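Residues per chain are reported as follows:
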Amino acid sequence: MPNGIIEIGGGEIYATGKAKYLESCGWDVRMFFKAPANSESKIPALKKYLKVGGDCFFLQQPPYKLKKYEQETALNTMIQKLNLHDLNNCEIIIESYHHINAFWGELLAAKLGARHIFVSTAEYYRTDPFYEENLDFFYFKWQRNELAYSEPDMLIKLFKGYKNITAAKYNMPKVVREPDAVQDVDFPIDKIQKLDWNICHIGRITKEYVPAVITGVAEFARRHPDKKINFIFVGDITFRRDFIVKSFSGINNALITALGDMVPIPRILFSKVDVILAMAGAATHTSQEGVFLINGSAKNPYRTPGVLGYDTKDTIYGEGTFSYVEALENVLVKKLYDKSKFDYPKQKPAEWYYNNFWTIVENAAPEKEYYVQRLSQERIRDWTAIFPFCTISRGARLILFGATEIAKDYKKQIQSQANSQIEFGRGYIKQIYNPPIMK
């Protein structure tokens, strides 16, 4: 259950490589997506899974935000898509990467008698209310050794101030590894202009730190009007296109080159790049390409911990030591790192990490239990629309159009009055009400 398929992110790329690995081991792999089954995936290898597992739009909402019959319909939809003929003679493991998908994964596992592992690939915790109000669920998965993570500090950030949990119950192996994002593939490198400084951002343009990167590069260009700058984007820039244009308005020494999504990223591209701006998986995968990399931070989106392998080894939560302008000055103008030794470990092959997943399965609680009651308990809203009896004239005729939540509350309150009369029209509720005299 990856979180999406329309955009390219670490979770989606991890799911792609993991699926390929599992199929090579003889497993039958299925995925569910909150995207149309006929939509195009920017990761071509996911297309075949989308045809079967697409159209699951209910994955956008936690199950408890739906009514019971809607939950059952959603779960039955996934079961039908799985098309399993003999549940008693097959082993089913459900793996989810996003907290809302994990809620659905738990309910689906309970239906199927399956094992459910939540492999969190998130960068932000406790900022989404769905995390905050379901800490008991994550604690339940942690107790059962069914909560894996991509970063060592995830448990601290997830459980901070709750149960004082800071470590896994056993030595959790590293399991999240995206397949090689940078490869030796053909690319018309001559189309990339080599100017005085080529600055390249790699990764999702929607991330919180990106506006600071864009304004930082723009300010850097203003400081050096005698230099020509090619600001290259690897990834779809649509979401921040207007912001980029506005930020570089009036700057005549900068060229914007938008390459769009690239799977994989051509290794030859880095021969035309002087410095990279990236974070998380994008930083890890491009760190070994011989180009200085200024790392972003989820902890402080406005500042950078500096250059990966020199100032920091944290690709996600590094302290904000420099502004992006300062970091660019340090790399391109002051050349502070030219004679320093790069110190950042190479990743092992993706298959090594995928193999570690079985260690988690083997160490999970042997008996199968599921956190069902609270995840399926309807928590649709915590308010009631109070009918304004005292403002309605005696004998007034009232029509409520549509069976909205407000109309349903009003209907219940009106029906509770002995002298009220309810009539149901087609497509709307027609209510005739004679309110009591208010004293």
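Since we're looking at a predicted model, the values are computed, not measured. (Residues numbered from 1 in each chain as written. Predicted model: local features only at pLDDT ≥ 70, side-chain atom pairs only at ≥ 80, totals over all residues. Heavy atoms only, no water.)

## Here we look at the pattern of salt bridges
Move 1: Evaluation of the coordinates by the stated rule reveals 21 salt bridges.
Move 2: Taking the shortest distance from any N to any O, the salt bridge between Glu 23 and Lys 48 comes out at 3.3 Å. With Glu 23 in helix H1 (residues 10-24) and Lys 48 in helix H2 (residues 47-53), this residue pair connects regions lying 25 residues apart in the sequence.
Move 3: We note a salt bridge from Glu 326 to Arg 303, for which the minimum N-O separation is 3.6 Å. Here Glu 326 is found in helix H11 (residues 324-333), whereas its partner Arg 303 is found in the loop between strand E10 (292-295) and strand E11 (306-307), with 23 residues between them in sequence.
Move 4: Exposure remark for Glu 326: the relative accessible area of 37% places this residue in the partly exposed category.
Move 5: Look at Arg 303 and you get partly exposed, because its relative accessible area is 29%.
Move 6: Taken together, the shared-partner salt bridges in this structure form one network comprising Glu 106, Arg 115, Lys 141, Arg 144, Glu 146, Glu 367 and Glu 369. (Salt bridge = Lys/Arg side-chain N within 4 Å of Asp/Glu carboxyl O. Helix = DSSP H or I, 4+ residues; strand = E, 2+ residues; numbered from the N terminus. Buried < 20%, exposed > 50% of the residue type's maximum accessible area, 1.4 Å probe, protein only.)

## Re the sheet that holds strand E2 (residues 115-120)
Move 1: Taken together, three strands build an open sheet; the order of strands is E1-E2-E3 and the sheet is parallel. Where the open sheet ends on each side, the last strands, each with one partner, are strand E1 (93-96) and strand E3 (147-149). Going across the sheet, the axis of each strand differs from the next one's by a mean of 25°, ignoring polarity.
Move 2: Where E2 lies against E3, three bridges are found, and the strand directions are parallel. For Ser 120, the partnering residue across the bridge sits in E3 and is Tyr 149. (Pairing = 2+ DSSP bridges. Axes fitted to C-alpha atoms, helices over the stretch in contact; angles between N-to-C directions.)

## Let's talk about the nonpolar core
Move 1: Core analysis: the biggest nonpolar cluster contains 107 residues, and Trp 104, Val 119, Phe 138, Leu 158, Phe 159, Ile 199 and Ile 294 have the highest contact counts within it.
Move 2: Among all residues touching Ile 294, those that are not within four sequence positions of it are Val 275, Ile 276, Leu 277, Ala 278, Thr 304, Gly 306, Val 307, Tyr 324, Ala 327, Leu 328 and Val 331.
Move 3: Judged by nonpolar contacts, the second largest core, of 21 residues, contains Cys 200, Leu 269, Ala 283 and Val 291. (Core = buried A, V, L, I, M, F, W, Y, C linked by side-chain atoms within 4.5 Å. Contact = heavy atoms within 4.5 Å.)

## Some thoughts on the packing of aromatic side chains
The description of an aromatic ring pair rests on the distance of the ring centres and on the angle between the ring planes.
Move 1: Counted according to the given criterion, the structure contains 27 aromatic pairs.
Move 2: Centroid distance Phe 103 to Phe 138: 6.1 Å. Interplanar angle 45°. Geometry classified as tilted. On the criterion of sequence distance, the pair formed by Phe 103 in helix H4 (residues 99-112) and Phe 138 in helix H6 (residues 135-143) is long-range, its members being 35 residues apart. Like Phe 103, the residue Phe 138 is buried in the burial classification.
Move 3: Taken together, the ring pairs in this structure connect Tyr 64, Phe 103, Phe 118, Tyr 125, Phe 130, Tyr 131, Phe 137, Phe 138, Phe 140 and Tyr 371 into an aromatic cluster.
Move 4: If you follow Lys 163 out to its NZ or CZ, it ends over the ring of Tyr 139, 4.8 Å from the centre.
Move 5: It is Arg 379 that lies over the ring of Tyr 64; its NZ or CZ is 3.4 Å from the centre. (Phe/Tyr/Trp six-rings, centres within 6.5 Å; stacked < 30°, edge-to-face > 60°. Lys NZ or Arg CZ within 6 Å of the ring centre and 35° of its normal.)

## Quick word on the side chain of Thr 312
Move 1: Mapped onto the elements of the fold, Thr 312 is located in the loop between E11 and H11.
Move 2: Take Thr 312: its relative accessible area is 10%, and that puts it in the buried class.
Move 3: The contact partners of Thr 312, leaving out residues within four places of it in the chain, are Asn 295, Pro 305, Gly 306 and Val 307.

## Some points on H4
Move 1: With 14 residues, H4 extends 20 Å from end C-alpha to end C-alpha; this agrees with the ideal 20 Å at 1.5 Å per step.
Move 2: With twelve of 14 residues buried, H4 lies mostly within the body of the structure.
Move 3: Within H4 the residues assigned to the buried category are His 99, Ile 100, Asn 101, Ala 102, Phe 103, Trp 104, Gly 105, Glu 106, Leu 107, Leu 108, Ala 109 and Leu 112.
Move 4: For H4, the secondary structure elements touched by its buried residues are helix H3 (68-82), E1, E2, helix H5 (129-132), H6 and helix H13 (373-376).
Move 5: Two residues or fewer past H4, Gly 113 is found with a positive phi of approximately 65°. (Expected span 1.5 Å × (residues − 1).)

## Topic: the environment of Ala 45
Move 1: Relative to the helices and strands, Ala 45 resides in the loop between H1 and H2.
Move 2: A C-alpha to C-alpha distance of 9.6 Å links Ala 45 and Ile 13, two positions 32 residues apart in sequence.

## Description of the sheet that holds strand E7 (residues 254-260)
Move 1: Read from one edge to the other, the open sheet built from six strands follows the order E7-E6-E5-E9-E10-E11, with strand pairing classed as mixed. One side of each edge strand has no neighbouring strand; the edge strands of this open sheet are E7 and E11.
Move 2: Across four bridges, the pairing between strand E9 (residues 275-278) and E10 is parallel. Following the sheet pairing, Val 275 is matched in E10 by Phe 292.
Move 3: Together, strand E5 (197-202), strand E6 (229-234) and E9 form the strand contacts of helix H8 (residues 210-223), whose direction differs from that of E6 by roughly 165°.

Keep in mind these numbers describe shape, not what the thing actually does.
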